[in-house]
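Reading the structure
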Amino acid sequence: MTYKKINNLFGWLTFLIASLVYILTLEPTASYWDCGEFISAAYKLQIVHQPGAPLFLMIGRLFSLLAADETSVAYWVNVSSALSSGATIMFLFWTITALGRKVATAYKGEPNTTQTITIIGAGLVGALAYAFSDTFWFSAVEAEVYAMSSLFTAIVFWAILKWDSHADEPNADKWLLFIAYVMGLSIGVHLLNLLAIPAIALIYYFRRTEKATSKGIITALFIGIVILGIIQYGIIQYLVKFGAYFDLFFVNTIGLGFGSGVIFFALLIVGLSIWLIQYSIRKNKPVLNLAMLSFVLIILGYSSFAMIVIRAKANPTLNNSAPDNAFSLLSYLNREQYGDRPLAYGQYFDSKVVDSKETSTIYRKGEHKYEVAGKRTSYVYDRNTLFPRMYSDDRGHISVYRDWMNMSESESPTFGQNLGFFGTYQVGFMYMRYFLWNFAGRQNDEQGYGEYTKGNWISGIKPLDALRLGNQDDLPKSITENKAYNRLYFLPLILGIIGAFWHFKRDQKDAGVVAMLFFFTGLAIVLYLNQTPNQPRERDYAYAGSFYAFAIWIGLGVFAISEWIGKFLNAKTAGVMATVIGLFAAPILMAKEEWNDHDRSGKTTARDLAKNYLSSCAPNAILFTYGDNDTYPLWYVQEVEKFRPDIRIINLSLFDTDWYINQLRKPFNESQPINLTIPPAAYVSGVRDVLFYQDFQLQGHQEIGDIFEFVTSDNPEAKVQYQNGKSENFLPTKQFKLTVNANDVIKSGTMKASETGRILPELTWTLPGNYLTKGQLAILDILAHNKWQRPVYFAFTVPSSSFMGLDKYLFNEGFALRLLPKEKSNIANSSALSETEEVNTDAMYDNVMNKFLWGNMKTASYLDPESTKMVFLSVNKFIELTRNLITEGKLDSAKKVMNKCLEVLPIKTVYDANFALGKYEIVDVLYQLGMKKEASEILDQTADLVQGELNYRYSISKTKENLAGRDVQLGLFVLSQFEEMTKKYQEDALHKKIDDQLKSFEAKFGFSR
């Protein structure tokens, strides 16, 4: 069998192995973060958040057609990621074998049997190591863009090596054109693939020059970066920008219809491209011809974004930013929704704004022409720096900046501290930590913010880990029982470093190319993202390309080991042994350690709990949500599985935009339009974006209907003139009132006739903050004119700051808080840890006991961190309901609720240290209900967990500073509560055990009672 056939056969074998693994561990339905949105949008070809992923959605739509019914749509869209990931591993295999063969044979003749063994072995080790790496495996089993984006990176890097091996043959440049087309296609998935361009430029330079020089290498890199910039800014953004301004001229100046300028500009680009291609042929200019053909193919691939405009014009349910015209599409592609950040020059976090200047005009589509929506402005600061890394003025970020760099409250940052934050946090914590997760080991899957016990990298070599994280013999169960406690003993890392040294020694050019790919898909992203502290989730997925490059060196490490063993044994045996050693040191070890924390095959948490949000709501309800994880899964179950399509979900994070408010005016699925009285012209972009508070000394609370009419009035007397000369509406009071008609309340079913005595004549509240946003204005519109016809809910995960001061009228009915015209009270029978508020017990009991699903929480082989958080939150729901039932004297119902809690939630198998509080609450109500056996078992187990946590923290405190004192205090507090509880309920043996533990730890930590 020829080498080519062997290489192809083993490449397809890696595809089968990886794809099988990913399908076996695939999440069967939607998962958290963006996946619910992507699946929903793929199923109906809708518009996702900026800057879009149209090709990913269209491919996902094709896979969704394989589903037998709506409940399996998510599975098949997830399969598209699994197969994309399997194909990535296949192309990585062929990339490693191409690089290995080039060193072994310099592309001269067929490799002999010995060389073939080592080449194939290297490909297997490197490709499978990446297949089982933590970051890549995570994305491979869910409907996210990163798996498919990695596939495009793998294809283009493999293709440039194919060109390299055939560069002297006729028509070899077809591979370059193929790369251009794939690059264009990749834009419709994610932009990460473009970061391979500088490495590709180096390969081109090395192949086309007889003798490489430092100047030539730098020039080639510079050209590669320029090409990257041309594609990312020139093609992706400025082509659309030029088209938009052509349209502005044609519409506003000439008077033609919308889109006429875009059509003219497109024809101009097509005509100019054709002319330049013909010119390059006539004048025999091969470089120009290659550049123009590449340009055309990139545009052709990029044309997948036509789907965005076409579908936006159809106004589907999910239509983020409504990019149905040139300017809205430009804003969409530029990610203007997310703002920007300084990169090369900018402010420190404590810099003061001294001026502002207008930078450009914002246009919006009007009825007949484009209208000015406002001006983009930039601030001028009193103090700036090169390379600003500590720039955010968010209070939470500032506290982390100061804590991370050991700065006092009054200290201003220096340039040295700025660089220190870059090195220790942005590079060390937000990149190197992730890198070592994949190739050294991982402590657990809890999100880390710099603590000793969460999200760190480890190796499994205890003395080394102890230097950073304390005595590893005292680890608590929150670490050792966490399924992401993965110990790789540095073996994949060492193998990769050996491979890198071997590669640089044997072929500096190709090793330099891999190094460039490693840098641009890793540290270059760190430079570009300029991340602020306390990210809402771990960001390792952004650096998957860098880990891909390192996996190449892991594979090439087989060559180094083979050469070393070859000094003692024959070459063929050395190749076999090196392959076996490599397989056990990397992919086999990685698969063994990481299978259990990547196996999502039994988990349905995101889908089932999303249904719980909707099941909490009465028919035809309005449900306000806030973040990704309490919105996207809900979109999925509504859009795909058609569960509770009568409910109108309103995402408060999007509610301050005119396009989103406009969508609420239309019926979606089985949900009726929102009754908004404000005309669209009154809240278009640039109009009433923010209404600032001006105290007009109005006496008492004002009816929100009157306030609404005042702030939406165009009467000059209802406006105030600001320093910039503009007259704007303003908010004259923060004291709001909503008069209640009891007949409306009873008639709508909001409350029962038996509760008439509790119906308040009016709701009064105070708006927090000193301004009213456009979204809050729309909420006032809804409240003022709803007349209790549609039930209004807030998801229980919405932060209280978004309640607009209505907190005391929001009653828990499960996973949603319902606005009711009665005032709630605190439950007298509350625990020592927290007060329990009154809930709507009848509705909540029915939901918890009869309607809610629990996501296989107790039986799933693995719960990801977001699912684990939902365990904690779900426990709180059970506790709140139980305490209310106890107060109402419904003890039998309360016992049924707690038995249900123990039946469906993994109370005893979740070892998270933060869960101690939740378990205390469970024990407290179980004892109150006389369920002593269940209470004692959980108390004993929880006390042991807390003891383990305190032991570990005590061992850390001997050698480490900045120990989290709050965690110690919390542990001691829980033990002290258990000590009192066991005494109260005459659990003598447990009482003695807890009392002894408590006294021991109080003595160790220097606490006294």
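The next subject is the overall build of the protein chain. Assigned secondary structure in the protein chain consists of 36 helices and 20 strands. Dimensions of the protein chain, computed from C-alpha atoms along their principal axes, come out at roughly 95 × 85 × 60 Å. Here the protein chain, with 1009 residues, has 58% of them falling under the buried criterion. Looking at the protein chain as shown, the accessible area adds up to about 41900 Å², and 58% of this sits on carbon and sulfur atoms. Of the charged side chains in the protein chain, 96 are positive and 97 negative, and the gap between their average positions amounts to 6 Å.

Between two packed helices, the angle of one axis relative to the other and the distance separating the axes together describe the packing. The contact between helix 31 (residues 865–887) and helix 33 (residues 915–928) brings their axes to 10 Å, and the two run at 25°. Here helix 31 is positioned roughly parallel relative to helix 33, judged by the angle of their axes. For the crossing formed where helix 31 meets helix 33, the hand is left-handed. Listed contacts from helix 33 to V871, F872, V875, I879, T882, R883 and I886 of helix 31 are F915, G918, E921, I922, D924, V925 and Q928. Residue composition of the contact of helix 31 with helix 33, grouped by class: eight nonpolar, three polar and three charged.

Right, let's talk about the side chain of S81 for a bit. Summarising the element assignment, S81 is placed in helix 4 (residues 73–105). Excluding anything up to four places from it in sequence, S81 contacts F56, S139, A140, E142, A143, E144 and A147.

Attention shifts here to helix 30 (residues 841–851). Listed in full, the buried residues belonging to helix 30 are T841, M844, Y845, N847, V848 and M849. In this structure, the buried side of helix 30 is in contact with helix 24 (605–615), strand 17 (810–812), helix 31 and helix 32 (891–904).

So, about the pairing of strand 7 (residues 622–625). In strand 7, alternate side chains face the same way, and those of I622 and F624 on one face and L623 and T625 on the other are all buried. Bridge count for strand 7 against strand 16 (residues 792–795) is three bridges, and the pairing is parallel. Bridge pairing in strand 16 places F624 opposite F794. In the sheet, strand 7 pairs with strand 8 (residues 648–651) via four bridges, with the strands oriented parallel. Bridge pairing links I622 to R648 in strand 8. Regarding topology, helix 25 (residues 632–639) serves as the crossover connection from strand 7 to the parallel strand 8, and that connection is right-handed.

Take the pairing of strand 3 (residues 370–381) next. Sheet topology note: the strand 2 (residues 353–365)/strand 3 ladder contains 11 bridges and is antiparallel. Following the sheet pairing, I362 is matched in strand 3 by G374. Remark: four residues form the turn of the hairpin made by strand 2 and strand 3, two consecutive strands paired antiparallel.

Right, let's talk about helix 24 for a bit. By the criterion of burial, helix 24 is predominantly enclosed, with 11 of the 11 residues buried. Three or more residues of helix 24 are buried, namely T605, A606, R607, D608, L609, A610, K611, N612, Y613, L614 and S615.

To continue, consider unusual backbone geometry. Put simply, Q50 and P51 share a cis peptide bond, and its omega is 0°. Inspection of the secondary structure assignment puts P51 in the loop between helix 2 (35–44) and helix 3 (54–64). In this structure, L45 is a non-glycine residue whose phi angle is positive, near 50°. With respect to the helices and strands, L45 occurs in the loop between helix 2 and helix 3. Unlike most non-glycine residues, M804 shows phi in positive territory, near 65°. Locating M804 in the fold gives a position in the loop between strand 16 and strand 17.

Another point: the side chain of K919. Mapping K919 onto the fold places it in helix 33. Taking relative accessible area as the criterion, K919 reaches 1% and is therefore assigned buried. A polar contact of 3.1 Å, which involves the side chain of K919, links it to the side chain of Q941. Apart from residues no more than four positions distant in its own chain, K919 is found in contact with I907, K908, V910, I938, Q941, T942 and L945.

Now for the pattern of salt bridges. Tallied over the entire structure, the rule returns 47 salt bridges. Between E593 and R487 there is a salt bridge, with the nearest N and O atoms lying 4.0 Å from each other. On the criterion of sequence distance, the pair formed by E593 in helix 23 (residues 571–594) and R487 in strand 6 (residues 486–487) is long-range, its members being 106 residues apart. Taking the relative accessible area as the measure of exposure, E593 reaches 6% and is therefore buried. With its nearest N and O atoms 3.2 Å apart, the salt bridge here joins K869 to E866. One end of the pair is K869 and the other is E866, both in helix 31 and three residues apart, which spans about a single turn. One salt-bridge network, held together by shared partners, links E27, E142, R600, K603 and D864.

Strand order in the open sheet formed by three strands is 10-13-14, and the pairing between neighbours is mixed. Strands with a single pairing partner mark the edges of an open sheet, and in this sheet they are strand 10 (702–703) and strand 14 (762–766). Sheet analysis places strand 13 (residues 735–739) next to strand 14, joined by five bridges and oriented antiparallel. Pairing of L738 across the sheet is with L763, part of strand 14.

Take the sheet that holds strand 16 next. As summarised here, the arrangement of the five strands in space is 8-7-16-18-17, forming an open sheet in which the pairing is mixed. Each having just a single partner strand, strand 8 and strand 17 make up the two edges of the open sheet. Between one strand and the next, the sheet's axes are offset by a mean angle of 30°, whatever the strand orientation. Two strands pair when backbone bridges link them, and strand 17 and strand 18 (residues 816–819) are joined in this way by three bridges, in the antiparallel orientation. Directly across from N812, in strand 18, lies its bridge partner L817. The sheet strands contacting helix 29 (residues 774–786) are strand 7, strand 8, strand 16 and strand 18, and the helix crosses strand 7 at an angle near 160°.

Turning to the nonpolar core, a few remarks are in order. Nonpolar side chains in soluble globular proteins generally cluster together in the buried interior. Grouped together as the largest cluster of nonpolar side chains are 159 residues, with contacts concentrated most on Y22, Y130, F157, I160, F435 and I552. Counting residues per element, this core draws most heavily on helix 22 (residues 544–565), which supplies 15 residues. Among residues more than four places away in sequence, those in contact with F157 are T95, A199, I203, V513, L517 and I552. Formed by 142 residues, the second largest nonpolar core is a distinct cluster that contains Y613, L691, L817 and Y927.

Relative to each other, helix 4 and helix 5 (residues 113–131) sit at 145°, their axes nearing to 8 Å. Of the two possible hands of crossing, helix 4 and helix 5 adopt the one that is right-handed. Of the residues in helix 5, those in contact with T88, I89, L92, F93, I96, T97, G100, R101, A104 and T105 of helix 4 are Q115, I119, I120, A122, G123, L124, G126, A127, Y130 and A131. Split by residue class, the contact of helix 4 with helix 5 holds 12 nonpolar, seven polar and one charged.

Another point: the environment of N534. Its place among the elements puts N534 in the loop between helix 21 (523–529) and helix 22. Among the residues examined, N534 registers a relative accessible area of 39% and is labelled partly exposed. Residues N534 and S165, spaced 369 residues apart in sequence, show a C-alpha to C-alpha distance of 46 Å. If sequence neighbours within four positions are ignored, N534 has contacts with G396, V400, Y425 and Y449.

Right, let's get into the packing of aromatic side chains. Each aromatic ring pair is characterised by the separation of its centres together with the angle its planes make. Tallied over the entire structure, the rule returns 76 aromatic pairs. Between F435 and F550, the aromatic rings sit 5.0 Å apart at their centres with planes inclined by 80°, giving edge-to-face as the arrangement. One end of the pair, F435, is in helix 16 (residues 415–439); the other, F550, is in helix 22, with 115 residues separating them in the sequence. Residues F435 and F550 agree in their burial class; the two are buried. Taking the centre distance of 6.3 Å and the plane angle of 50° together, the rings of F624 and F655 count as tilted. Note that F624 is positioned in strand 7 and F655 in the loop between strand 8 and helix 26 (658–664), a separation of 31 residues in sequence. An identical accessibility class is assigned to F624 and F655; each is buried. Taken together, the ring pairs in this structure connect Y431, Y434, F435, W437, F439, F504, F518, Y543, F547, F550 and W553 into an aromatic cluster.

Mapped onto the fold, K726 is located in the loop between strand 11 (719–721) and strand 12 (727–729). With near-sequence residues (within four places) excluded, K726 lies in contact with V720 and Q721.

Here is what the cut-offs are and how they apply
- Residues numbered from 1 in each chain as written.
- Predicted model: local features only at pLDDT ≥ 70, side-chain atom pairs only at ≥ 80, totals over all residues.
- Heavy atoms only, no water.
- Helix = DSSP H or I, 4+ residues; strand = E, 2+ residues; numbered from the N terminus.
- Buried < 20%, exposed > 50% of the residue type's maximum accessible area, 1.4 Å probe, protein only.
- Areas by Shrake-Rupley, 256 points an atom, 1.4 Å probe, with all protein chains shown as cover.
- Lys, Arg positive; Asp, Glu negative; His and termini not counted.
- Charge placed at Lys NZ, Arg CZ, Asp CG, Glu CD.
- Axes fitted to C-alpha atoms, helices over the stretch in contact; angles between N-to-C directions.
- Parallel < 35°, antiparallel > 145°, perpendicular 65-115°, else oblique.
- Left-handed = near helix turned anticlockwise from the far one by under 90°.
- Contact = heavy atoms within 4.5 Å.
- Nonpolar A, V, L, I, M, F, W, Y, C, P; charged D, E, K, R; others polar.
- Pairing = 2+ DSSP bridges.
- Right-handed = clockwise from strand over helix to strand, strands pointing away.
- Polar contact = N/O pair within 3.5 Å; in protein donor to acceptor, adjacent residues only side chain to side chain.
- Salt bridge = Lys/Arg side-chain N within 4 Å of Asp/Glu carboxyl O.
- Core = buried A, V, L, I, M, F, W, Y, C linked by side-chain atoms within 4.5 Å.
- Phe/Tyr/Trp six-rings, centres within 6.5 Å; stacked < 30°, edge-to-face > 60°.

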